[in-house]
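Observations on the three-dimensional arrangement
So the chains spell out like this:
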Amino acid sequence: MNTIYNFSAGPAVLPKEVLQQAASEMLDWHGSGMSVMEMSHRGPEFMAILAQAQADLRELLNVPANYKILFLQGGGLGENAIVPLNLVGRKAQPATIDFIHTGSWSGKSIKEAKKYANVNVAASSENTGERAGFSGVPDPASWKLSADPAYVHVCTNETIDGIEFQFVPDIAARSNGAPLVADMSSHILSRAIDVSKYGVIFGGAQKNIGPAGLTLVIVREDLLGHALPICPSAFDWKIVAENDSMYNTPPTYSIYIAGLVFQWLKRQGGVAAMEQKNIAKANLLYDYLDSTDFYVTRVAKEHRSRMNVPFYLKDESLNAAFLAAAKERGLLQLKGHKSVGGMRASIYNAMPIEGVQALVEFMREFSLSN
Ligand SMILES: *Cc1c(COP(=O)(O)O)cnc(C)c1O
């Protein structure tokens with residue numbers, strides 16, 4: 001049988017070692033006689049799991065002491081409402097939020113934010129390239145930022161469009177010190193970041209961290225305490241922070257698995273070591289794509305995502321045959337998002353380079369026999 005490599009965009013592949021450890025601890029966690037799923041979230045066993053996960057994440061991302069790490073629910077899309085509910089109250093109502101529109105996910109964030117604030121799309125890369133759709137990140141010098149926005153929202157890795165910020169925009173001087181809010185759902189922990197450059201970082205766990213159900217928020221302390229009165233208490237970051245992510249029952253099992261992933265990342269050498277591996281994986285795939293005209297990519301080179309690689313067969317009538325043959329080889333979930341079509345290989349932290357090698361080998365063979 002072929003080794004299975006899972007290229008799903010999310011929920012996505014997890015490190016085999018983590019799944020094996022979880023399996024071995026499934027019925028009895030560390031001699032407690034209980035599965036993690038069965039434990040009180042306020043008992044000493046789970047409190048220790050949570051504290052370790054938070055400490056490991058703080059270490060991995062070098063999160064400064066004046067930032068809180070919150071474990072929430074609601075997903076990335078939930079945060080599209082939760083972020084404005086927590087931050088627009090910093091300004092007189094109605095406040096304005098600035099958005100940089102670089103793909104499907106920032107588009108959804110814009111749509112949701114309109115319920116809570118005035119939205120200024122300060123820049124958009126929609127239909128600005130050679131093809132329809134999104135092809136990159138607009139040059140920050142061209143962003144038309146508001147005079148005093150509540151915050152500036154970016155999606156630093158557009159999972160569907162395959163567009164990644166390869167820089168941190170330096171906008172504070174042009175936006176009256178507005179905090180930068182980043183949706184990092186699909187590339188958090190894939191590269192070194194300077195957390196201090198952001199006011200808020202958020203992400204659903206199911207792309208590059210762990211199972212669905214856990215949503216991560218990293219927030220600078222001075223941004224807490226401005227929630228609108230209509231913000232649900234369970235999503236008011238100040239209340240969640242004061243209760244150490246235990247205001248209501250957190251997604252305990254997802255936190256436990258995320259914690260195992262954090263420990264696995266530390267064994268891999270941390271985020272900087274992961275970044276080098278991710279660069280090597282992405283280069284392998286993009287170099288092959290650039291070497292052939294059987295397959296086509298649409299994203300400008302300098303904005304290509306290292307995590308999500310959308311590509312198209314030049315002859316799209318071969319799509320079904322490509323997916324069937326890939327599956328036969330154990331290369332799973334390569335179908336592109338329905339909104340953009342084509343193919344997409346998501347090559348998150350847990351995808352070993354052998355998986356990308358197997359994919360490139362398969363793609364080459366398919367191109368030669370079709
Ligand atoms: C997947 C994804 C989301 C949505 O996450 P949900 O957990 O489904 O709400 C939001 N933003 C980005 C960048 C994503 O990749």
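Before reading on, note that the structure itself is shown above.
What counts, and where the lines are drawn
Residues numbered from 1 in each chain as written. Predicted model: local features only at pLDDT ≥ 70, side-chain atom pairs only at ≥ 80, totals over all residues. Heavy atoms only, no water. Pairing = 2+ DSSP bridges. Helix = DSSP H or I, 4+ residues; strand = E, 2+ residues; numbered from the N terminus. Near = heavy atom within 4 Å. Polar contact = N/O pair within 3.5 Å; in protein donor to acceptor, adjacent residues only side chain to side chain. Areas by Shrake-Rupley, 256 points an atom, 1.4 Å probe, with all protein chains shown as cover. Nonpolar A, V, L, I, M, F, W, Y, C, P; charged D, E, K, R; others polar. Salt bridge = Lys/Arg side-chain N within 4 Å of Asp/Glu carboxyl O. Buried < 20%, exposed > 50% of the residue type's maximum accessible area, 1.4 Å probe, protein only. Core = buried A, V, L, I, M, F, W, Y, C linked by side-chain atoms within 4.5 Å. Domains from an automatic or database assignment. Contact = heavy atoms within 4.5 Å. Right-handed = clockwise from strand over helix to strand, strands pointing away.

Next up on the list: the sheet that holds strand E12 (residues 308–313). Judged by pairing direction, the sheet is antiparallel, and its 3 strands sit side by side in the order E11-E12-E14 without closing on themselves. Of all the strands in the sheet, the pair left with one neighbour each is strand E11 (295–296) and strand E14 (343–346). Bridge count for E12 against E14 is 4 bridges, and the pairing is antiparallel. Bridge pairing in E14 links Phe311 to Met343.

Our next topic: the site of the ligand. Residues in contact with the ligand, as listed here, are Gly75, Gly76, Leu77, Trp105, Cys155, Asn157, Thr159, Asp183, Ser185, Ser186, Gln206 and Lys207. Leu77 has a polar backbone atom sitting 2.8 Å from an oxygen atom of the ligand. Expressed as a share of its isolated accessible area of 390 Å², the protein-covered part of the ligand is 86%. With 3 residues, helix H3 (residues 75–87) is the single largest residue contributor to the shell around the ligand. The class makeup of the residues in the shell around the ligand is 3 nonpolar, 7 polar and 2 charged.

If you walk through the whole model with that rule in mind, you get 14 salt bridges. Across the pair Glu164 and Arg191 runs a salt bridge whose closest N-O atoms are separated by 2.8 Å. Placement of the pair is Glu164 in strand E7 (residues 163–164) and Arg191 in the loop between strand E8 (180–183) and strand E9 (200–204), with a sequence separation of 27 residues. Accessibility assignment for this pair places Glu164 and Arg191 in one class, buried. Notably, a salt bridge pairs Asp194 with Lys197, separated by 3.1 Å at the nearest N-O pair. Classification of Asp194 as partly exposed rests on a relative accessible area of 34%. Residues joined by salt bridges that share partners form a network here, namely Asp56, Glu59 and Lys266.

On to the nonpolar core, then. Counting 57 residues, the largest nonpolar core has Leu61, Phe71, Trp143, Leu189 and Tyr256 as its most contacted members. Ranked by residues supplied to this core, first place goes to helix H6 (residues 252–267) with 10 residues. Here this core spans two domains, and each of domain 1 (20–267) and domain 2 (270–369) adds at least three residues to it. In this structure Leu189 touches Leu57, Leu60, Leu61, Asn208, Ile209, Phe262, Leu265, Val271, Met274 and Asn349, once residues within four positions along its chain are discounted.

On the secondary structure map, Thr156 appears in the loop between strand E5 (151–155) and strand E6 (157–158). Exposure remark for Thr156: the relative accessible area of 2% places this residue in the buried category. For the pair Thr156 and Val181, spaced 25 residues apart in sequence, the C-alpha separation works out to 9.7 Å. If we skip the residues at most four places from it in the chain, Thr156 touches Ile163, Glu164, Phe165, Ala182, Asp183, Met184, His187 and Tyr198.

Next up on the list: the side chain of Ser146. Here Ser146 shows up in the loop between strand E4 (118–124) and E5. Side chain to side chain, Ser146 and Asp98 meet in a polar contact 2.5 Å long. Engagement of the side chain of Ser146 in a polar contact is seen with the side chain of Asn120, the distance being 3.2 Å. Once residues within four sequence positions are removed from consideration, Ser146 is found in contact with Thr96, Asp98, Asn120, Arg174 and Ser175.

Bringing the pairing of strand E3 (residues 96–101) into the picture now. Most of E3 is tucked away: 5 of the 6 residues are buried. Direction of pairing for E3 relative to E4: parallel, over a ladder of 6 bridges. Paired with Asp98 across the bridge in E4 is Asn120. Taken together, E3, helix H4 (residues 104–113) and E4 form a β-α-β motif whose crossover is right-handed. Pairing between E3 and E5: 3 bridges, direction parallel. Across the sheet, Phe99 pairs through a bridge with His153, a residue of E5.

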